[in-house]
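As a plain string of letters, each chain reads:
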Amino acid sequence: MLTAPSELLIRNQHLFQDKHTLILNHEADQCAAQLASICASVTTLALDFNHHQALTAANANVTAEFGHQLSDSSAKFDTVVIYFPKAKPLLQYLLTLAAYHLRPDGELIVVGENKGGIRSFNKLKSTFFAQPIKLDNARHCLLYSATCHSHPTHIDINTFVSRYPLVLGERSITICNMVGVFSEKQLDQGTELLLQHLASLNGRVLDFGCGAGVISAALLLQQPELQLECVDINAMALLSCELTLAANNMQAKVYPSDGLAQTEGLFNAIISNPPFHDGLMSTTDIATRFVQDSKRQLAPHGVWQIVANRHLPYSDSIESAFGNVNVVAENNRYKVYQNKI
């Protein structure tokens, strides 16, 4: 089943006939596999690990990659497709990546849902692209094209990173956030409440949905002996976490995971400000599955601690998994839950 933006691309598949095509930020469907039958080649770069898995599971004739950039930095394409990002600051990064990988006079194709903000794309001001032209609209989506008239010589990640100091007690750490990552320029209130009530931990600890690595860096500042593992589904978040750890001379294992599926073994603690969005939809499905999976991967006497919006219905899932609901801190917006087995 194709998403609405993907259906609009297939409706205009003549644009890709015999073209070497790169698809950036694609969705969780088989659009790339369908286009592969008419393209000279199709390469994809998923920023969402789940979307990458959905494509690779089909064993399609596609070169599929996950990450913030392609493994082959010299690769050039006739056409680059961008799925308009939910996080608007991410767009300029994707445009720069597209311009870098396009051949001279290559064509950019941008597709997205109206509710996701694609209507604003016709006001694009870009160093690399001419004014966009609307090609089609259907299924509450729009399709634009733009000609590339200049190319960056390299991708400077630092251009897309914001940094801010975070004071914890008498010490300070530096947080690095790539564009499009949650709480880009300052600490969010939920994580702030969690950091004020962190449990004392030991051994192997998992930071689930690590984002920019705020929780991991705070933990390592207090307890540098911890064996931290940081997982997230988003490539830009994983890069942010790596940058934060490096900026503070800290070390942890950072890797993609769809929920806890790519983690192995038992943890002495699992800590999180869990995500509750999937694309443009708010959902607790991710967190509900996370609660259930966490119980199975906690070692004896393990600690499970999260912060969540008060309005999200976590209590039933927590009680089902752990047998009780223990709130250790709360304010008018958030609750910090802490359970042990």
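Residues numbered from 1 in each chain as written. Predicted model: local features only at pLDDT ≥ 70, side-chain atom pairs only at ≥ 80, totals over all residues. Heavy atoms only, no water.

Keep this limit in mind: UniProt positions are given in the numbering used here, feature names are shortened, and annotations may be inferred rather than shown by experiment.
As annotated in an unreviewed UniProt entry, the chain is Ribosomal RNA small subunit methyltransferase C from Shewanella mangrovi. We quote the UniProt Subunit (unreviewed entry) comment for the chain here in full: "Monomer." Heading Catalytic activity (unreviewed entry) of the UniProt record for the chain holds this comment: "guanosine(1207) in 16S rRNA + S-adenosyl-L-methionine = N(2)-methylguanosine(1207) in 16S rRNA + S-adenosyl-L-homocysteine + H(+)".

### Examining the sheet that holds strand β3 (residues 63-66)
Adjacent strands of a sheet pair through backbone hydrogen bonds, lying either parallel or antiparallel. Our working definition: At least two DSSP bridges between two strands are needed for those strands to be called paired. Helix and strand labels come from DSSP, where a helix needs a run of H or I of at least four residues and a strand needs a run of E of at least two; each type is numbered from the N terminus. Under this scheme, a helix contributes an axis fitted over its contacting stretch, all axes are lines through C-alpha atoms, and angles between N-to-C directions fall in the 0 to 180 degree range. Contacts are assigned to residue pairs that have any heavy atoms within 4.5 Å of one another.
Strand order in the open sheet made by the seven strands is β3-β2-β1-β4-β5-β7-β6, with mixed pairing throughout. Each end of this open sheet is capped by a strand with a single partner; those strands are β3 and β6 (133-138). Averaged over all pairs of adjacent strands, the angle between their axes in this sheet comes to 15 degrees, without regard to strand direction. Inspection of the sheet shows strand β5 (residues 102-113) paired to strand β7 (residues 141-147) by seven bridges, in the antiparallel sense. Bridged to E107 within β7 is T147. Helix α4 (residues 90-101) contacts β1 (20-24), β2 (41-46), β4 (77-83) and β5 of the sheet and is inclined by roughly 150 degrees relative to β5.

### A look at the side chain of S272
Looking at where S272 falls in the secondary structure, it is placed in strand β13 (residues 267-272). Setting aside anything within four residues of it in sequence, one finds S272 in contact with L194, F208, I215, F290, Q305, I306 and V307.

### What about the UniProt feature "domain: Methyltransferase small N-terminal" (unreviewed entry) in the chain?
Look at the UniProt record and you will see "domain: Methyltransferase small N-terminal" (unreviewed entry) annotated at residues 6-164. With 19% helix and 32% strand, residues 6-164 has its two end C-alpha atoms placed 37 Å apart.

### Section: the domain arrangement of the chain
Rules: In this document the domain limits rely on a domain assignment from an automatic tool or a database. Two N or O atoms count as a polar contact when they lie within 3.5 Å, although within protein this holds only if one can serve as hydrogen donor and the other as acceptor, and sequence-adjacent residues are included solely when both atoms are side-chain atoms.
Partitioning the chain into domains gives domain 1 (4-155) and domain 2 (160-340). Each of domain 1 and domain 2 has a C-alpha centre, and these two points are 31 Å apart. Counting residues at the interface gives 18 residues for domain 1 and 19 residues for domain 2. Seen at the junction of domain 1 and domain 2, the total is three residue pairs in polar contact (both at pLDDT 80 or more). In terms of residues, the side of domain 1 that touches domain 2 owes the most to one element, α4, which gives four residues.

### Examining the sheet that holds strand β18 (residues 334-340)
Taken together, the seven strands give an open sheet; going across it, the order is β12-β11-β10-β13-β16-β18-β17, and neighbouring strands pair in mixed fashion. Whereas interior strands pair on both sides, the edge strands pair on one side only; in this sheet they are β12 (253-256) and β17 (327-330). Across the sheet, the mean angle from the axis of one strand to that of its neighbour is 15 degrees, orientation sign disregarded. Against the sheet, helix α9 (residues 315-322) engages β16 (298-309) and β18, with an angle of about 5 degrees to β18.

### Overview of the environment of E229
Secondary-structure assignment places E229 in strand β11 (residues 227-232). When the C-alpha positions of E229 and V254 are compared, they lie 6.0 Å apart, and in sequence the two are 25 residues distant. Ignoring sequence-local partners within four residues, the contact set of E229 consists of R204, V205, L206, D207, K253, Y255 and F267. At 2.7 Å, the side chain of E229 forms a polar contact with the side chain of Y255.

### Brief notes about α4
Using the following cut-off: For a helix, the expected span equals 1.5 Å multiplied by the number of residues minus one. Exposed residues in this analysis have more than 50% of their type's maximum accessible area, buried residues have under 20%, and partly exposed residues fall in between, with area computed by a 1.4 Å probe over protein chains only.
Look at α4: 17 Å from first C-alpha to last across twelve residues, which is about the 16 Å you get at 1.5 Å a residue. Buried within α4 we find L90, L91, Y93, L94, L95, T96, L97, A98, A99, Y100 and H101. The inward-facing, buried residues of α4 abut β1, β2, β4, β5, β9 (171-178) and α7 (235-247).

### A look at the side chain of T244
Secondary-structure assignment places T244 in helix α7. When residues no more than four places from it in sequence are discounted, the contact partners of T244 are T174, I175, C176, A212, G213 and A217.

### Section: α9
Here is the rule: To obtain the arc, one takes the directions from the helix axis to the C-beta atoms.
For α9, the complete set of buried residues consists of S317, I318, A321 and F322. Mapping the buried residues of α9 onto a view down its axis gives an arc of 100 degrees, with all of them on the same face. For α9, the exposed residues set more than 90 degrees away from the buried face come down to D316 and S320. For α9, the elements touching its buried residues are α8 (285-296), β16 and β18. A positive phi of about 90 degrees marks G323, the residue just after α9.

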